[in-house]
Amino acid sequence: MNGPPDRQPRAADSEDSAGRAARPRTLFEKVWDAHVVRAETSDTPAVLYIDLHLVHEVTSPQAFAELRARGLEVRRPDRTVATMDHSTPTGPRPAGASLKQIPIADLQAAQQVGFLERNCRDFGIPLLALGDERQGIVHVIGPELGVTQPGCTIVCGDSHTSTHGAFGALAFGIGTTEVGHVLATQCLLQRRPKTMEIRVDGRLGPGVSAKDIILAVIARIGVAGGTGHVLEYTGEAIRALSMEERMTVCNMSIEAGARAGMIAPDETTFAYLKGRPFAPAGAEWDAAVARWRALRTDEGAAYDATVTLDAGQLSPMITYGTNPGMGVPVDGAVPDPGTAEPAQRAAQEKALTYMGLRPGERLIGKPVDVVFLGSCTNSRISDLRAAAAVLRGRKVAPSVRMLVVPGSQQVKRAAEAEGLDRIFREAGADWRESGCSMCIAMNGDMVAPGQYAVSTSNRNFEGRQGKGSRTFLASPVTAAACAVTGAIADVRELLA
């Protein structure tokens with residue numbers, strides 16, 4: 001966890017080795033080409049070098065067991081960072097408590113945490129364990145520590161690794177077997193994906209956020225619309241987003257079926273990274289920024305597909321079904337499955353049965369039981385600020401349980417320094433320690449069977465937040481509005 005990545009595109013890339021004008025390339029192509037160790041053939045995938053490997057406790061035990069069984073070492077422990085997040089409890093912890101002083105009630109979760117501690121110790125991998133002031137959700141701590149950098153290839157045994165593409169990195173999730181491959185070789189076998197431009201022009205209206213952009217994109221192209229592609233987000237509305245908002249957009253690229261999502265780095269990116277603990281400094285910083293400025297799609301480069309949206313026409317979004325593509329404007333109605341394509345009709349009918357909703361039913365006013373503000377999608381300081389602005393001076397409805405879970409201990413400290421925790425507590429919300437929490441319900445935080453939850457997380461699959469739970473995905477401000485009213489609400493009415 002030291003120094004800049006090994007392999008990055010050159011700052012000057014306008015000519016090939018023979019001095020001829022180079023073919024215009026997309027952002028993805030520049031990063032991919034710079035990391036190919038062995039080119040793809042019709043029979044074999046490319047060998048791709050990996051700059052940064054992020055590890056957590058759920059998808060790594062089997063990979064480490066394989067290394068031990070084969071007598072292998074970790075190839076680049078200095079390019080590997082581990083944290084504990086999925087299985088960790090978010091309830092109160094004793095001040096200054098170490099890992100062994102924090103009780104984990106679930107036996108399987110405790111074992112996973114214990115395995116990660118042992119594996120990182122045995123293989124020399126830096127670990128941000130429970131009790132470490134830098135611990136948190138893997139896709140939150142990478143950027144805030146500055147180990148996530150433009151032009152990198154980044155992998156993790158977690159599908160929402162696409163988050164890091166907000167920095168102009170090629171970042172994607174991998175399976176447990178592939179986790180073992182990267183640990184042992186620092187490389188992966190990969191087929192080159194296609195490219196899709198998602199252009200969002202115009203400006204967002206009041207109460208509409210980055211989460212609404214990505215929910216609208218997925219509703220438009222579907223959960224399989226990006227399959228086989230890397231999405232590059234472009235346009236005026238994307239450029240206007242903060243880095244934390246860009247991370248929200250890229251985070252959910254996987255929910256459209258895409259391999260990854262990317263946004264070209266710019267001054268917003270550089271300002272965010274400067275001074276981070278593991279970002280370059282001094283002359284190295286200047287050299288890095290010079291390289292990073294070249295990480296943009298060239299004029300004349302061609303995408304395999306393009307989708308365009310007008311940000312000015314977007315409303316706050318909410319899902320109604322059991323995948324993130326089943327989304328509508330919050331003031332809209334539940335679609336009739338009878339109007340869907342035949343291949344989708346059965347899935348929509350099944351989703352409405354599970355959710356207890358009727359075609360044509362308006363969602364505003366639908367009572368909810370739980371509101372969850374957190375996850376690697378929406379647990380950063382800007383998310384907490386936005387929700388706190390809605391809750392300030394208001395109370396969570398008596399019928400609602402609201403959990404607010406910061407994405408890292410650093411976010412938690414920053415929020416407390418600003419007094420955001422006080423706003424949440426005074427409103428009646430439960431202020432927690434950092435972790436994945438109710439997003440995945442494998443850590444003690446869950447929604448009871450049959451209950452409705454408005455969640456700022458990324459998935460509304462059946463049982464995702466607990467067996468029999470029913471989830472509506474929404475932005476932080478929409479979630480806060482729902483907490484106050486006790487029902488699905490249009491935050492624009494509270495902002496008026």
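A short tour of the structure in this document, coming up. Starting from 1, residues in each chain are numbered consecutively following that chain's sequence as written. This being a predicted model, a pLDDT of at least 70 is required before a residue's local features are given, and a value of 80 or more before pairs of side-chain atoms are given or counted; all residues contribute to the totals for chains, interfaces and linings. Just so you know, side-chain values use all the structure's heavy atoms and leave hydrogens and water out.

Description of the overall build of the chain
Rule in force here: Secondary structure is summarised from DSSP: a helix means a run of H or I of at least four residues, a strand means a run of E of at least two, and numbering begins at the N terminus for each. All radius of gyration figures rest on C-alpha atoms, and the globule criterion is 2.2 Å times the number of residues raised to 0.38. Type-normalised accessible area, obtained with a 1.4 Å probe on protein chains alone, sets the label of each residue: buried when under 20%, exposed when over 50%, and partly exposed for intermediate values. What sets the accessible areas is the Shrake-Rupley method with a 1.4 Å probe; for residues, cover comes only from the shown protein chains.
Of regular secondary structure, the chain possesses 16 helices and 19 strands. Whereas a compact globule of 496 residues would reach a radius of gyration of roughly 23 Å, the chain reaches 22 Å, a difference of no more than 12%. Reported as C-alpha extents along the three principal axes, the dimensions of the chain are approximately 65 × 55 × 45 Å. Expressed as a percentage of its 496 residues, the buried residues of the chain come to 59%. Summed over all atoms, the accessible surface of the chain reaches about 18900 Å², with 51% contributed by carbon and sulfur.

Quick look at the layout of surface pockets
Taking a probe equal in size to a water molecule and rolling it over the atoms shows the remaining empty space. Operational definition: A cavity here means a set of 1 Å grid points, computed over protein atoms only, where a 1.4 Å probe fits but cannot escape. A pocket is an open set with protein on both sides within 12 Å along at least 5 of 7 lines, and lining residues have an atom within 4 Å of a point. Grid points are joined across faces, edges and corners, and a volume is the space filled by probe spheres set on the points. For this classification, the nonpolar set comprises Ala, Val, Leu, Ile, Met, Phe, Trp, Tyr, Cys and Pro, the charged set comprises Asp, Glu, Lys and Arg, and every other residue, Gly included, is treated as polar.
Empty space within the largest pocket amounts to approximately 320 Å³. Mapped onto the lining of the largest pocket, the elements with two or more residues apiece are helix H6 (210–221), strand E14 (327–329) and helix H11 (342–355). Tallied by class, the residues present in the lining of the largest pocket amount to 10 nonpolar, six polar and one charged.

With respect to the side chain of Glu 361
Stated formally: The contact rule is simple, with two residues in contact once any of their heavy atoms fall within 4.5 Å.
Tracing the chain through its elements places Glu 361 in the loop between H11 and strand E15 (370–373). In this view, Glu 361 contacts Ala 333, Val 334, Gly 356 and Lys 366; residues no more than four positions away in its chain are not counted.

Things to note about the sheet that holds strand E19 (residues 470–473)
Stated precisely, the cut-off is as follows: A pair of strands counts as paired when DSSP detects no fewer than two bridges linking them.
Overall, parallel pairing links the five strands, which are arranged E17-E16-E15-E18-E19 in an open sheet. With one partner strand each, in any of the chains shown, strand E17 (430–431) and E19 form the two edges of the open sheet. One ladder, built from two bridges, connects strand E16 (residues 401–404) with E17; its direction is parallel. Counted as the bridge partner of Val 404 is Trp 431 from E17.

Details of the nonpolar core
Condition: Side-chain atoms within 4.5 Å are what join buried Ala, Val, Leu, Ile, Met, Phe, Trp, Tyr and Cys residues into a set we call a nonpolar core.
Grouped together as the largest cluster of nonpolar side chains are 80 residues, with contacts concentrated most on Leu 170 and Tyr 233. Of all the elements, H6 adds the most residues to this core, at eight residues. Apart from the residues lying within four places of it in its own chain, the contact partners of Leu 170 are Phe 28, Val 31, Trp 32, Leu 48, Cys 152, Thr 153, Ile 154, Val 230, Ala 260 and Met 262. Ranked by size, the runner-up nonpolar core spans 52 residues in total, among them Val 330, Ala 388, Val 454 and Ala 483.

Things to note about the pattern of salt bridges
Formally: Take a side-chain nitrogen of Lys or Arg and a carboxyl oxygen of Asp or Glu: if they are within 4 Å of each other, that pair is a salt bridge.
A full pass over the atoms with the stated rule returns 29 salt bridges. The partner of Asp 122 in a salt bridge is Arg 68, and the shortest N-O contact between them spans 2.7 Å. Placement of the pair is Asp 122 in helix H3 (residues 107–123) and Arg 68 in helix H2 (residues 61–70), with a sequence separation of 54 residues. With relative accessibility at 31%, the residue Arg 68 sits in the partly exposed group. A salt bridge links Arg 425 to Asp 421; its shortest N-O distance comes to 2.8 Å. Of this pair, Arg 425 and Asp 421 both sit in helix H14 (residues 420–427), four residues apart, which is roughly one turn of that helix.

Quick notes on the packing of helix H12 (residues 381–391) against helix H13 (residues 409–418)
Two quantities define a packed helix pair, namely the angle between the axes and the distance from one axis to the other. Here is the rule we go by: Interaxial angle, 0 to 180 degrees, is taken between N-to-C directions of lines fitted to C-alpha atoms, where a helix line uses only the stretch in contact. For any pair of crossing helices, the crossing counts as left-handed if the nearer helix is rotated counterclockwise from the farther one by less than a right angle, and right-handed if it is rotated clockwise.
Between H12 and H13, the shortest axis-to-axis distance is 10 Å and the interhelical angle comes to 35°. When the axes of H12 and H13 are compared, the crossing they make is right-handed. Within the contact between the two elements, H12 uses Ile 381, Leu 384 and Arg 385 and H13 uses Val 411, Ala 414, Ala 415 and Glu 418. Of the residues in the contact of H12 with H13, the class split is five nonpolar, no polar and two charged.

Re the state of the cysteines
Put simply, the rule reads: Any cysteine sulfur atom paired with another within 2.5 Å is treated as part of a disulfide.
Evaluation of the coordinates by the stated rule reveals zero disulfides. Of all cysteine sulfurs in the structure, the one in Cys 439 sits closest to Cys 436, which takes part in no disulfide; the separation is 6.4 Å. Free cysteine: Cys 482, not disulfide-bonded; nearest cysteine sulfur from Cys 439 at 18 Å.

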